[in-house]
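Structural features, examined
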Amino acid sequence: MSGTPGSSSRHRPGAPDAWLMGIDIGAGSLKTMVVGSDGRVGGSASADLVTASPQPRFSEQDPAHWWRALCDTVPRALAQAGIGADAVVGVSFSAGAHTPVLEDAQGRVLRPAILWSDQRSGDQVRRLRERAGDRILALAYNAPSPTWTLPQLWWLCEHEPEVARAARRLYVAKDWLRTRLTGTWETDRTDAVGTMLMDVGADRWSEELCALAGWDSATLPPLVRPTDVVGTVTPAAAAQCGLCAGTPVVCGTSDTSIETFGAGSIHPGDGTVKLATAATFSVVSAQPNVHATLINYPLVVPGRWYTITGTNSCASAHRWLRDRFFLAPGGDGAAAFAEMDRLAAETPAGSEGLLFHPYLQGERAPHWDPLLRADYVGLTFAH
């Protein structure tokens, strides 16, 4: 491998000689982590990401911000680990599912990426359910809701037809960012299922599902395994981000699939609770559990599936509370969270019957209603 300027093979005493790098696009930040071959975390760094809401129920991010965050966090994670880029023997990616990035024939991004939390396509979902709800469930193993790519693309075809006409390649978030390193184009089957454009039983893209949105299936990438090495870091990418040219790059998969595996949930019946921007509860099985109120994905482990229920607003609701009520302009976010913790510690468990429904951005399983709104229930004079 050729090294980038300033790279070296320095190591901390007792540290492994080979390191792996994982890069995750979250809803609120991008995080880069360096992990040794012995499982130890060597270093990590994160950079905030901004979600735009140009209209009510819209959630979008600029993919260019992901690349800038990668170029910012990679050198910092390496520095914290005390290693040179030439010690990294492989890089892989994860991100939230359903987030399409569209490029034209010249490789230009056509518009901001619509996030999984976006609720704009409620009308398209209603019509999909009326026209072909049972058929979609049979092919895609999931029922339509605004979180899926299929209704998002139909919304684009109806409201931004010039974007749909110009699109030549569709990426899911982690694939677009990975392509900045390798120049290749592919996705794994978990993220393919997340588009709701795949005939899951036949293990191929579905012309029938694409036709429901009027979408050209030629824009969809080849399918690979999440563990496949899909390319290497190009010299141009290495010069920008601080990795070594020639470093192998692995496809990766969706964040929840990786997290479920990382938590050790690999056997049927194993369950994992995830508390992040959104919250999910996943249960591993040996086969898909197709049901209109549940989410089904193939796990990164061959022959395993995971079934999910999820809420749209978890840590994002916590941050909303901080930003609106506890954080002064230019204030210290960590200090504001600490004050919230102090006040919460003074409150008896159960909050004397006060409940908060966190439907700040509609809701997913089991309600699947983009119009649900947050509320407090059980408020009394005691509060």
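Residues numbered from 1 in each chain as written. Predicted model: local features only at pLDDT ≥ 70, side-chain atom pairs only at ≥ 80, totals over all residues. Heavy atoms only, no water.

1. Side note on the nonpolar core
Formed by 43 residues in total, the largest nonpolar core has its most connected members in Leu102, Ile136, Leu150, Leu197, Trp215, Leu220 and Tyr297. Looking at this core, the elements that each hand over two or more residues are helix H2 (122–140), helix H3 (149–159), helix H4 (161–166), helix H6 (189–194), helix H7 (207–213), strand E18 (295–298) and strand E19 (305–311). Here Tyr297 is in contact with Ala97, His98, Trp148, Thr190, Val193, Gly194, Trp305, Tyr306 and Ile308, once residues within four sequence places are set aside. One finds Met21, Trp66, Ala81 and Val249 within the second-largest nonpolar core, a separate group that totals 41 residues. (Core = buried A, V, L, I, M, F, W, Y, C linked by side-chain atoms within 4.5 Å. Buried < 20%, exposed > 50% of the residue type's maximum accessible area, 1.4 Å probe, protein only. Helix = DSSP H or I, 4+ residues; strand = E, 2+ residues; numbered from the N terminus. Contact = heavy atoms within 4.5 Å.)

2. Describing the environment of Gly22
As for its position among the elements, Gly22 is in strand E1 (residues 19–25). If we skip the residues at most four places from it in the chain, Gly22 touches Lys31, Thr32, Met33 and Ser92.

3. Concerning the confidence of the model for the protein chain
With 96% of its residues at a pLDDT of at least 70, the protein chain reaches an overall mean of 93. With pLDDT under 50 throughout, residues 1–13 is counted as low confidence; its partners more than four residues away or in other chains account for 33 contacts. (pLDDT = per-residue confidence, 0-100.)

4. Description of the side chain of Asp191
One can find Asp191 in helix H6. A relative accessible area of 0% places Asp191 in the buried class. Side-chain polar atoms of Asp191 contact the side chain of Lys174, separated by 2.7 Å. Beyond its immediate chain neighbours, meaning those up to four positions away, Asp191 contacts Ala97, Val172, Lys174, Asp175, Thr253 and Ser254. (Polar contact = N/O pair within 3.5 Å; in protein donor to acceptor, adjacent residues only side chain to side chain.)

5. A closer look at the packing of H2 against H3
Where H2 meets H3, the closest approach of the two axes is 11 Å, and the angle between their N-to-C directions is 135°. The angle between H2 and H3 falls in the class oblique. In terms of crossing hand, the pair formed by H2 and H3 is right-handed. Counting all contacts with H2, which are made through Gln124, Val125, Arg127, Leu128, Arg131 and Ile136, the residues of H3 involved are Leu150, Pro151, Trp154, Trp155, Glu158 and His159. Tallied by class, residues from the contact of H2 with H3 come to 7 nonpolar, 2 polar and 3 charged. (Axes fitted to C-alpha atoms, helices over the stretch in contact; angles between N-to-C directions. Parallel < 35°, antiparallel > 145°, perpendicular 65-115°, else oblique. Left-handed = near helix turned anticlockwise from the far one by under 90°. Nonpolar A, V, L, I, M, F, W, Y, C, P; charged D, E, K, R; others polar.)

6. Considerations on the packing of aromatic side chains
Centre-to-centre distance and the angle between the planes together describe a pair of aromatic rings. For the structure on display, the rule yields 9 aromatic pairs. Between the aromatic rings of Tyr141 and Trp305, the centroid separation amounts to 5.8 Å while the plane-to-plane angle is 35°, which identifies the pairing as tilted. Placement of Tyr141 in the loop between H2 and H3 and of Trp305 in strand E19 is noted, with a sequence separation of 164 residues between them. Each member of the pair, Tyr141 as well as Trp305, carries the same accessibility label: buried. Taken together, a centroid distance of 6.1 Å and an interplanar angle of 45° make the contact between Trp148 and Tyr297 tilted. (Phe/Tyr/Trp six-rings, centres within 6.5 Å; stacked < 30°, edge-to-face > 60°.)

7. Quick notes on the sheet that holds E19
Pairing within the open sheet is antiparallel, and its 4 strands lie in the order E16-E17-E19-E18. Among the strands making up the open sheet, the edge pair consists of strand E16 (271–275) and E18. Neighbour to neighbour, the strand axes of the sheet diverge by 25° on average, direction disregarded. (Pairing = 2+ DSSP bridges.)

8. Observations concerning the packing of helix H10 (residues 315–326) against helix H11 (residues 333–345)
Relative to each other, H10 and H11 sit at 100°, their axes nearing to 10 Å. Of the possible angle classes, the one that applies to H10 and H11 is roughly perpendicular. Counted together, His318, Arg319, Leu321, Arg322 and Phe326 of H10 and Gly333, Ala336, Phe337, Glu339, Met340 and Leu343 of H11 form the full contact between these two elements.

9. Section: the side chain of Ser257
For Ser257, the location among the structural elements is in helix H9 (residues 255–262). Excluding anything up to four places from it in sequence, Ser257 contacts Thr190, Pro298, Leu299, Val300 and Tyr306.

10. Some remarks on the pattern of salt bridges
Here the structure, examined in full by the defined rule, presents 26 salt bridges. Note that Asp38 is salt-bridged to Arg40, the shortest N-O span being 2.6 Å. We classify Asp38 as partly exposed; its relative accessible area is 41%. (Salt bridge = Lys/Arg side-chain N within 4 Å of Asp/Glu carboxyl O.)

11. Remarks on H11
If you check H11, its first and last C-alpha atoms are 19 Å apart, about what 13 residues at 1.5 Å a residue would give, namely 18 Å. Taken residue by residue, H11 has Gly333, Ala336 and Met340 as its buried positions. Buried residues along H11 cover an arc of 60° about the axis, so they all sit on one side. Facing away from the buried side of H11 by more than 90 degrees, the exposed set consists of Ala334 and Ala345. (Expected span 1.5 Å × (residues − 1). Arc of directions from axis to C-beta.)

12. Focus on the environment of Gly36
By the element assignment, Gly36 lies in strand E2 (residues 29–36). Given the relative accessible area of 5%, Gly36 is considered buried.

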